[in-house]
Each structure stands twice: as structure tokens, then as C-alpha cells.
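Given next are the chains, with one letter for each unit.
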Amino acid sequence: GTPPLYLGIDFGTSGARYALIDEHGAIHSEGKRAYCAPVGDAAGWASSWRAALFQLLADVPPAHRPSVSSISIDGTSATALIVDSETGELLGGPFLYNEGFPDALPAVESVAPANHTVCSPTSTLCKLVSWWAASGGAAAGAAVLMHQSDWLLWLLHGRPGGVSDYNSALKVGYDPELGAYPGWLTSQPYSRMLPAAVRPPGAPVAALRDDVRSQYGKRSYYVLVVDFLRTALCALEPLTASRRFLLPAEVNQEQLNCEQVTSLGSTLAIKLVSRVHVADARFGVYSHRLDDVWLVGGASNTGGAVLRQLFTDDQLAALSEHIDPAVPSPLDYYPLPKKGERFPVSDPDMMPRLQPRPGSDAEYLHGILESIARIEAKGYSLLKELGATAVEEVFTAGGGAQNDRWTAIRERVLGVASGRPSRLRRPMELHC
Ligand code: ADP
């Protein structure tokens, strides 16, 4: 028959998109849907996501549907809901990735190890604890915390109890080194609301519900929890969900040992592959597990958003032509779009520093690009100080990757070869 196709769906902040790929990574069909604006309450988000999910399934061309052998979904990290997994009733949330619950922080800090990833007001655990406290600890037996992607997958497979993957579950306190929830977490009364099964990314979860299958496809395809690195590599590479879907396969230690990916998008994000697990909540640094290695990351508030406040993309391209990247700029800035920095310096009160502004815009831009490169270098040093494996090669993604002069400045400041991602990754083995 026809070769199997794999459906990957990425739920971003403003919309969702799908890509249908074959085992070589070739895209056979793709599309996207914006969320309908949720009206008023938070619950509106859940129905918008659900609507987008089923719209996208309906968008897959009927001719391809019989070939779809698996579905994977990713969402935004630390976006979660409380659901009655027997009735499907939404009991709490959705709590969005960037929503903070500082009220729960003292309780979380009192049980978690110092500087643990959960010790941040936006962590999934703070969301769970805040909801638990507000409900008086009276949650019914079937109340389960689901990450956004867990929930969307659950709409497709309907398996009770909650199924997640260890990258999604990181910010709720799951320990991917241990392969379990740690004791300090399981001893808490709210721990019975944690997803009962936490699988490796890409592991088969369950077959598609009969009603969904009869409506959208013929094969009895599996639903997968797949790589969820939305805030990790996913946010970095301007790639479709399908290529993200391929990422776990790329975990070939020899190839990945010494790689870093820097995203020069609206913010500056650094991810690197390390043999050592690294985490420090003070700097928002944490590690996603990729089989036997770790994807360590941190994100600075500097980046393209500052450039966009000052110049259009056309101006950036034109002004960059006048920069000699071999000459270090003496201008020492700390470009931020607004007050506050987290990584590589943790200082919520840090003010943007973009003065003195020289008469020449090209010199000004040179100083800004050079300053961002210094922040990138400092970020890399911090990750190394915290224990990450040294990097030999840096790949670049995001809007800033197209700027050759900036790349040359970064090569000088970082002292490593800087290239753009070129390889397409081999898809992982699928067990369907
Ligand atoms: P996002 O993180 O929002 O997805 P993108 O990856 O699309 O961002 O990158 C957009 C950013 O790239 C903008 O902030 C813009 O200032 C920056 N950018 C665009 N062109 C250039 C350029 N030639 N040099 C440096 N930065 C650029």
C-alpha cells in the first residue's frame, strides 16, 4: 500500500499548524488555523484549541488520511488545565504558559529543592498548587492536571488518568534523570492530580478513539506524545511541526555532542546539547531530556524586539552593509525592550542601556549587535559554569540568522564557528 505518513501538530500562542510528513521528512501537506479569540473567560482558550485541532484534522486532504499512521502534538510549555478525566469536564484553567501564580510560590519553595525549575511563579507546579489551594484540596478523584498537549491528545485517544511526556512534565517537577516524580513531590496531597503516566517523547500512547477515526481516517492510527520542546528547539528553529517531530531521532550522541543553537528572534534564546543535566531557576535555566543527552537552555530578554523598536527590517539589512564585523565596536550596551533581565544576569530591575547613541545609525547598530553577541557569549559561559558540556559549533535560527555581518561579529565574539542549521533529520523509529 501507500507509505505511512506522520501528522505533527504544533499549538503556538496565536494559532495551530500541522504538517504531514513521510519517513524521509518530506512534507505531503501542511496548513494552519488561527484560534478564534476567546471571549472573556479562560475556558474560551480550551474551546479555541479544540476547534483548531478538529479543523486541522478536517484540513488533512482526504486522499492522505488513510496513510496517516500517527499523530503527535506539541503545545506551549507550562500551559495546563485541570480536567475531570472521566467526564471531560474542565475544572480549572487553562492556565497559560506566561501566567504567574506567585501566591503558590512559598508552598512550592517549601517542598522543592532550592532553585528547582518549579520555583518560578509560571511553573506548572505553581499553577497546580494555586488551583489546589483555591479548591480547598477537595478535588474529586478524577481531577487530573493535563498539559495543553496532553489534553489535546486526550481529546483524540480518551484514555483516562492523564498521559504526558517527560519534557512536558518538567515544569511540574517530574525528574527525567530519575524517570519518575521525585519523593518531595509524591508526598504532597496534590500529587494524585499529576499525569499518571509520563512517557518518553514520541512513545505510542493509545489508539485513536473510534468516533474520531471513523470521521477523519481509516487506519487505526496511534496517538503519540511527541517531543514537546516548544520553548526549547521548537521555539528556536523556524521549522514546521514536522521537522520538530523529527528532532528526537537526531539524538545521536556523536552528532549532537557539541552543538548549540542560538535563536535570534524577538528574544535571544540559547539551547545546547550537553551530557550533563543543568538547571538553575534563578536564571530560568533548565534541561530537557533527549534520550541520553540533555538540551540545556536559557533565554535573555535582549534580541530582535529591541532592533524592531529602532529599525525596520529593511533598515537593518541596509545599515548592516556598512558594518565592518572585523572591527570590535567600543559601544557597550545592554539592549532590552523594557525593564528586566533573567539570563545570563538575573535582575528584574535591570534597565535597558542604549546610550550614548552615535551620530551614525550604522555605528549604533554595530554597537547593539556587538552587545547582543557579548550577552550571547556570557550566556554560553554561564551554561558552562553551571556544568554544561563545552560547545564547538553554533547553529543560528530566527530572523537575525540572515544577517551575515552579525554572524561574523558573533564568530569573533563567541570564538566558535557559527553556521545555520543545514541537515534535515532522520525520522525516529515509529512503532505503529
Ligand atoms: P520571533 O521570535 O518573533 O518569531 P523572528 O525569528 O521572526 O522572531 O525574527 C524577527 C526578528 O528578527 C525581529 O525582531 C527583527 O528585528 C529581526 N531581524 C529581521 N531582520 C534582521 C536583520 N537583517 N538583522 C538582524 N535582525 C533582523
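The structure contained in this document is the topic of the report that follows. This structure is a prediction, so every number in the text was calculated from the model and none was measured. (Residues numbered from 1 in each chain as written. Predicted model: local features only at pLDDT ≥ 70, side-chain atom pairs only at ≥ 80, totals over all residues. Heavy atoms only, no water.)

So, unusual backbone geometry
Cis geometry marks the peptide bond from Phe343 to Pro344; its omega dihedral reads 5°. Among the secondary structure elements, Pro344 is positioned in the loop between α11 (313-320) and α12 (361-385). Omega for the bond connecting Gln355 with Pro356 falls within 30 degrees of zero, at -5°, which places this linkage in the cis form. Relative to the helices and strands, Pro356 is located in the loop between α11 and α12. Positive phi, normally seen in glycine, also occurs at Ala78, with a value near 70°. Its place among the elements puts Ala78 in the loop between β4 (68-74) and β5 (80-84). Residue Ala78 is classed as buried on the basis of its relative accessible area, which comes to 3%. Unusually for a residue other than glycine, Asn115 sits at a positive phi of about 60°. (Helix = DSSP H or I, 4+ residues; strand = E, 2+ residues; numbered from the N terminus. Buried < 20%, exposed > 50% of the residue type's maximum accessible area, 1.4 Å probe, protein only.)

Re helix α4 (residues 148-157)
Within α4, ten of the ten residues are buried, which leaves the element mostly enclosed by the surrounding structure. Where α4 terminates, the next one or two residues include Gly158, which has phi positive at roughly 70°.

Comments concerning the nonpolar core
In this structure, Leu7, Ile9, Phe11, Ile71, Ile73 and Trp151 are the most contacted members of the largest nonpolar core, which totals 32 residues. Contributions of two or more residues to this core are made by β1 (5-11), β2 (15-21), α1 (43-59), β4, β5, β7 (143-147), α4 and α6 (210-216). Residues Leu105, Ala112, Val172 and Trp184 belong to the second largest nonpolar core, which totals 29 residues. (Core = buried A, V, L, I, M, F, W, Y, C linked by side-chain atoms within 4.5 Å.)

Observations regarding the side chain of Thr79
On the secondary structure map, Thr79 appears in the loop between β4 and β5. Within the local environment of Thr79, its side chain forms a polar contact with the side chain of Thr76, the two groups lying 2.6 Å apart. Of the polar contacts made by the side chain of Thr79, one reaches the backbone nitrogen of Tyr97; its length is 2.9 Å. Non-local contacts of Thr79, meaning those with residues more than four positions away in its chain, are made with Trp49, Phe95, Leu96, Tyr97, Met146, His147 and Gln148. (Polar contact = N/O pair within 3.5 Å; in protein donor to acceptor, adjacent residues only side chain to side chain. Contact = heavy atoms within 4.5 Å.)

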